[in-house]
Amino acid sequence: MASNVNPTVRRRRLGQELRKLREEKGMTAEEVAERLLVSQSKISRLENGRRSISQRDVRDLCGVYEVEDRRIVDSLMQMAKESRQQGWWHAFGDIPYSVYIGLETDAASLRVYESLIVPGLLQTRAYAQAVIEGMWPEATPSEIEKRIQIRLKRQDRLTETRNPLRFWAVIDEALLRRVVGSPRIMAEQLEHLAELSQQPHVTLQVLPYSVGAHPGMYGKFAILEFQDAGDASVVYLEGVTSDLYLEKANDVQSYGVMYEHLRAEALNPEQSRAFILQAAADHEA
């Protein structure tokens, strides 16, 4: 793990365990909600890890599921306690994609496809600032600085000495050509990409215009995988006002197959590095 206690992952893992107990009992979420006099949506949010779980919630659910093994109850209660702790990102206040940051912080590997913007983990400060200012034109200087700081802090996963994030990115040629900030900022950004791509845990492939139509034209996505076998992989789809997290095995498999097609159609890592450096030189010129 990237940290001793990750509240997002603890909450998600606890939700999976509670769902398993409910299914073993043969009960629906609606039946559980009726027993506890709460809404069905609350039970669903507890099980998918999108809602904070209190120890009282765990106690009540274990009572409904007639869990008699005290070791199981104590373990779930401890997970509930840990899930209410705060991750490093909470120091920045309310941020809309905190769930994703929690997952990314604990992920063992991350595969992303980006068509318009350099992946956040690979951005320079100048490029990040230009992107944020362009995408959120109404943001105040303090809000912009906060987003920049969060983005730079997230990049620590790539520089960890013991367990750095295994990162694989397939990027469209379009994001290499679009001038974000200025030609100089773009040249520095692309040189930074080429440098990072030489790290053993970072793989970068470019999908050139010449490929034509491809599966990634549906839009950008990320696939997060975790060290613990009990933590299912997650597909993350970013939205303007809300994000989508896909955890069903069929959904994850579909995006995994799509990613393999993108990797096969993209330039290999060596060709991609040369392509990126040439694009940087074009911006310099």
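Presented here is an overview of the structure given in this document. Computed from a prediction, not measured in an experiment: that's the story for all the values here.

Conventions and cut-offs
- Residues numbered from 1 in each chain as written.
- Predicted model: local features only at pLDDT ≥ 70, side-chain atom pairs only at ≥ 80, totals over all residues.
- Heavy atoms only, no water.
- Buried < 20%, exposed > 50% of the residue type's maximum accessible area, 1.4 Å probe, protein only.
- Helix = DSSP H or I, 4+ residues; strand = E, 2+ residues; numbered from the N terminus.
- Contact = heavy atoms within 4.5 Å.
- Salt bridge = Lys/Arg side-chain N within 4 Å of Asp/Glu carboxyl O.
- Pairing = 2+ DSSP bridges.
- Axes fitted to C-alpha atoms, helices over the stretch in contact; angles between N-to-C directions.
- Phe/Tyr/Trp six-rings, centres within 6.5 Å; stacked < 30°, edge-to-face > 60°.
- Lys NZ or Arg CZ within 6 Å of the ring centre and 35° of its normal.
- Arc of directions from axis to C-beta.
- Parallel < 35°, antiparallel > 145°, perpendicular 65-115°, else oblique.
- Left-handed = near helix turned anticlockwise from the far one by under 90°.
- Nonpolar A, V, L, I, M, F, W, Y, C, P; charged D, E, K, R; others polar.

Let us look at helix H6 (residues 98-106). Among the nine residues of H6, eight are classified as buried, and the element is accordingly described as predominantly covered. Along H6, the positions that sit buried rather than exposed are Val99, Tyr100, Ile101, Gly102, Leu103, Glu104, Thr105 and Asp106. In this structure, the buried residues of H6 make contact with helix H1 (7-25), strand S1 (109-114), helix H8 (141-154), strand S4 (221-225), strand S5 (234-237) and strand S6 (244-246).

Scanning all chains against the criterion turns up 21 salt bridges. For the salt bridge of Lys42 with Asp57, the shortest nitrogen-to-oxygen distance reads 3.3 Å. Of the two residues, Lys42 is situated in helix H3 (residues 40-47) and Asp57 in helix H4 (residues 55-64); the sequence distance between them amounts to 15 residues. Note on accessibility: Lys42 and Asp57 belong to one class, buried. As a salt-bridge pair, Arg177 and Glu173 come within 3.1 Å of each other at their nearest N and O atoms. Note that Arg177 and Glu173 are positioned in helix H9 (residues 173-177) at a spacing of four residues, about one turn of the helix. Through salt bridges with shared partners, one network takes in Arg111, Glu225, Glu260 and Arg263.

Further remarks concern the pairing of S4. Buried residues dominate S4, accounting for four of its five residues. Bridge count for S1 against S4 is five bridges, and the pairing is antiparallel. From the neighbouring strand, Arg111 faces S4, where its bridge partner is Ile223. With three bridges joining them, S4 and S5 adopt antiparallel strand pairing. Each bridged residue has a counterpart across the sheet, and for Ile223 the counterpart in S5 is Val235.

In this section: the sheet that holds S5. On the basis of which strands lie adjacent, the open sheet formed by six strands has the order S3-S2-S1-S4-S5-S6 and mixed pairing. With one partner strand each, in any of the chains shown, strand S3 (202-207) and S6 form the two edges of the open sheet. Taken over all neighbouring pairs, the strand axes of this sheet differ in orientation by 15 degrees on average, direction set aside. Alignment of strand S2 (residues 166-172) against S3, held across six bridges, turns out to be parallel. Each bridged residue has a counterpart across the sheet, and for Phe167 the counterpart in S3 is Val202. Sheet strands touched by helix H11 (residues 249-265): S1, S2, S3, S4, S5 and S6. Its angle to S4, the strand with the most contacts, is close to 115 degrees.

Under the defined criterion, the tally for this structure stands at five aromatic pairs. When the centroid spacing of 5.0 Å and the interplanar angle of 65 degrees are considered together, the rings of Phe221 and Tyr255 count as edge-to-face. In this pair, Phe221 is assigned in strand S4 and Tyr255 in helix H11, connecting sequence segments 34 residues apart. Judged by its relative accessible area of 3%, Phe221 falls in the buried class. With centroids separated by 6.0 Å and ring planes inclined at 80 degrees, the aromatic side chains of Phe221 and Tyr259 adopt a geometry described as edge-to-face. Here Tyr259 lies in helix H11 and Phe221 lies in strand S4, a separation of 38 residues in the sequence. Grouped by ring-pair contacts, the aromatic residues Tyr113, Phe221, Tyr255 and Tyr259 constitute a single cluster. Positioned above the aromatic ring of Trp136, the side-chain terminus of Arg147 is 4.1 Å from the ring centre. Cation over ring: Arg263 sits above Trp168, and NZ or CZ is 3.7 Å from the ring centre.

Here we come to helix H2 (residues 29-36). For H2, the full list of buried residues reads Ala29, Val32 and Ala33. Axial view of H2: buried residues confined to an arc of 100 degrees, hence all on one face. More than 90 degrees from the buried face of H2, the exposed residues found are Glu34 and Arg35. Tucked inside the fold, the buried residues of H2 contact H1, H3 and H4. Following H2 by one or two positions, Leu37 has its phi on the positive side, about 60 degrees.

Moving on, we get to the packing of helix H7 (residues 125-135) against H8. H8 packs onto H7 with a crossing angle of 135 degrees between their chain directions and a minimal axis gap of 10 Å. On the basis of the axis angle, H7 is oblique to H8. Here H7 and H8 pass one another in a crossing that is right-handed. For the pair H7 and H8, contact is made by Arg125, Ala128, Gln129, Val131, Ile132 and Glu133 and by Ile144, Glu145, Arg147, Ile148, Gln149, Arg151 and Leu152, respectively. Class assignment for the residues of the contact of H7 with H8 results in six nonpolar, two polar and five charged.

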